[in-house]
Amino acid sequence: RNSSRVINQIIKKVNSKAIIHEPAPGDVVPSGSDVWSPETRWRRVSESHPDGVVSTLPGRSLRWKDVSYISLPMVCVLCGVAYPAVIVGSLLGLTVLVSMCLKVEQQYQKSGDAEAEEPHVSAEDAERQGVLQPFIDKLPILPKHKLTPTSRRIYVVWATFCCAVPSIMVFGTPLLMTILARPFPQEVLAALTLLTSAFVFSNTLYMSVFACFGLCRMHAQSKVEPLDFAVDDPSGEQRRQRLSAADVRHWVVLPQYKEDVEIVHMCLESVAQSTYAKSSIGIVLAMEEREENAQGKAKKIIQEFQHKFSDMKAFYHPGNLPNDPPGKASNVAYAFRQLYAEVSDCDNVVLTIADADSEFGAGYFESLSCQFAASQSRYKIWQSPVFHMKNYHRQPAPVVVGTMFTSMQELSGLTDPNAVRFPYSTYSLPMTLARDVGGWDVEWIAEDYHMGIKCFLMTLGKTSVEPIMSPVINYVPEKTDDVTKETAWWGTCMARWTQLQRHALGFSDFSYYFMMLPLVFSFSTSSSSRDDEGLRGFWRMLFCGTTLLVRLVNVHVLIGVLSTYGAMEFSLRVLMQVFFGDSRSQDVEILLGHVGLFPRYLMLVTVICTLAVAVVFFTSYNWLLKPRIEGEHNLPPLLHFTKNVASLAWASPIYFLAMGWAIWRAAVLVLTQRSFEYHVAPKPKQEAGSCSEGRTEVTES
């Protein structure tokens, strides 16, 4: 789309001979959606080389290349529109506006005697929270009942809008790009191509660099004897004077529902390897009361393992609690409340939340004790690298691709010192931190990410996640054939799909974050607590939380959006070739060639980086994890690695399309539902005494 203004600028800037094909009488310069009209005549400009300039290419004459006009400023704008993280800034601004609209009832305004007011808590919530209610009342959020009636209505509308935010990001952004493709088809095509290729390139480059450093750190820690862990910062006088690692008390919480006893045995055996097991580590079996013979199973486990730990307890999550759906979050929340009621002193206590099929690496609890003893802050969460590889030798190719990318992504985030981290699957935190934020919320299905976000919000941005480079491994969902008793390829893929859909529902935490911000803001402006940081803490949390939101966008939004962008890019190419007239067919080919040149170079580097990620994954398997994985791989190392690369080549598109579909589904469910059913995928069932031999069956749970 060349206008007279552009032509005149070209002639002024370059003292060259310009041959301009003047339009026929009655022709106008096309603009906007006229670009799609096949009857519209287009101006064409030809440039000759300036007089007196000699080509610097030896033996060749300089020639002008045919190019299709494209607006670079508009391409930059569209890249900003297409990247969902840019919406975060607008949402934060809207959040502040909503926060300023919320007004507090007169009797709850700041006053010297405001501390004497009685907390307004429903009977159901008080019964459910129990001993944690005094700490919940001190959270830096304003209870909704303290808002004026008009403010409560505003907040209800805001909360509804927050539930729509995931759908706006996943579906609204591609819809907006589709609308803009009519007046700016060339720019939209360039923006989609550049954005998708740049994201894939940057993500694989990030993993190839930091996963390699993470592998080196895990390997170095594996060489250290558990008792030889040194305290990195012994100057913790400000908080824990003279606290040694041996003084730290641990409680490991194992939430479970219909888990095979032998799977739980595997987890407990790995914990019992710690040198602190008998003196400092206690076990909590977070059982479901609705599970058949749950008490008998817990009693059997306690009898077999009580001599290996300092203490063992079992708590049974009732099935009739109000607003308390079954799932890992509800099991952990109930077990924590019961445990806290029985623990007399929690100042030096660390909680570790672990899946029942998690196998801890050597030195995990020793390293955790040292870091906790040396820490001057109680606002810490500790996370180890998690590898879903216990049944790696039986995983189908699409599942292996997911295992590889998930493991390497988490490992990279733990190694990068500037990364925004979330607790994932198996993690540890001080009991005082869990108490001060009110424990776990039962309504949110992604208990690990949600707890990390809740700790960040309820401590006004002070909580951070620190790495422990002792890898934890666990199972990927697995299904066996009813006849052959062998691993069913398709059944295992579908079991992993069930788990993937549940993980995608962590998208709801995006809504939770924006729901809480106005209440935190209102508390900061109305609370009478002298210890409260007020608006200063809120603004610090708001700005620091921007990177957290961008990480959530990259994890939950961008994968789904990129799948849509790929389809849009292909469709737009076809439409441009069909609807642009014969006079512009050559221009379209030139445009497609030039737009795709840079992404082709990026994709070449992406392939190299992906191979590097595969090498790091394979090296981690050989150096650190192979002795802990069930069964044996029947291929030589080179063929094994080649098989992984081949799996990446053909199964990666399938895996990422499945991720995209799961994210689309999650966005719709967050919009239309307020609670989610916790679907448990089938997991391996070990025969008694077969833990070390690797013989497994699989049961639905």
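Residues numbered from 1 in each chain as written. Predicted model: local features only at pLDDT ≥ 70, side-chain atom pairs only at ≥ 80, totals over all residues. Heavy atoms only, no water.

Digging into the overall build of the protein
The condition that has to hold: Numbering of helices and strands starts at the N terminus; helices are DSSP runs of H or I of at least 4 residues and strands are runs of E of at least 2. Remark: exposure states derive from per-residue accessible area (1.4 Å probe, protein chains only) relative to the maximum for the residue type, with buried under 20%, exposed over 50%, and partly exposed in between. Note on contacts: a residue pair is in contact if any heavy atoms of the two residues lie within 4.5 Å.
Broken down by element type, the protein carries 21 helices and 13 strands. Among the 701 residues that make up the protein, the fraction classed as buried is 53%. A sequence separation of at least 24 residues applies to 82% of the contacts in the protein between residues at least 6 apart.

Quick look at helix 15 (residues 447–458)
Short version of the rule: What a helix is expected to span follows from its residue count: subtract one and scale by 1.5 Å.
Helix length check: helix 15, at 12 residues, gives a terminal C-alpha distance of 16 Å against a target of 16 Å (1.5 Å per residue), a fit within 8%. By the burial criterion, the buried members of helix 15 are Glu447, Asp448, Tyr449, His450, Met451, Gly452, Ile453, Lys454, Cys455, Phe456, Leu457 and Met458. One or two positions beyond helix 15, positive phi appears at leucine 460, with a value near 55°.

Re the sheet that holds strand 5 (residues 311–317)
Neighbouring strands of a sheet are bound in pairs by backbone hydrogen bonds; such pairs are parallel or else antiparallel. The cut-off we apply is this: Should DSSP find at least two bridges between two strands, the strands are taken to pair. Fitting a line to C-alpha atoms yields each axis, with helices limited to the stretch in contact; the angle taken between N-to-C directions then spans 0 to 180 degrees.
The strand order across the open sheet formed by seven strands is 5-4-3-6-9-7-10, and the pairing between neighbours is mixed. Strands at the two margins of the open sheet, each flanked by one partner only, are strand 5 and strand 10 (464–467). Each strand axis lies, on average, 25° off the axis of its neighbour in the sheet, ignoring direction. For strand 3 (residues 249–255) and strand 4 (residues 281–288), the ladder comprises six bridges, and the chain directions are parallel. Across the sheet, residue valine 252 finds its bridge partner in strand 4, namely isoleucine 283.

A short note on the pairing of strand 9 (residues 427–430)
Residues Tyr427 and Leu429 line one face of strand 9 and the alternating positions Ser428 and Pro430 line the opposite face, and both faces are buried. Pairing between strand 6 (residues 349–353) and strand 9: four bridges, direction antiparallel. Paired with isoleucine 353 across the two strands is tyrosine 427, which belongs to strand 9. In this structure, strand 7 (residues 380–383) lies alongside strand 9, joined through two bridges in antiparallel fashion. The partner of tryptophan 382 across the bridge, within strand 9, is serine 428.

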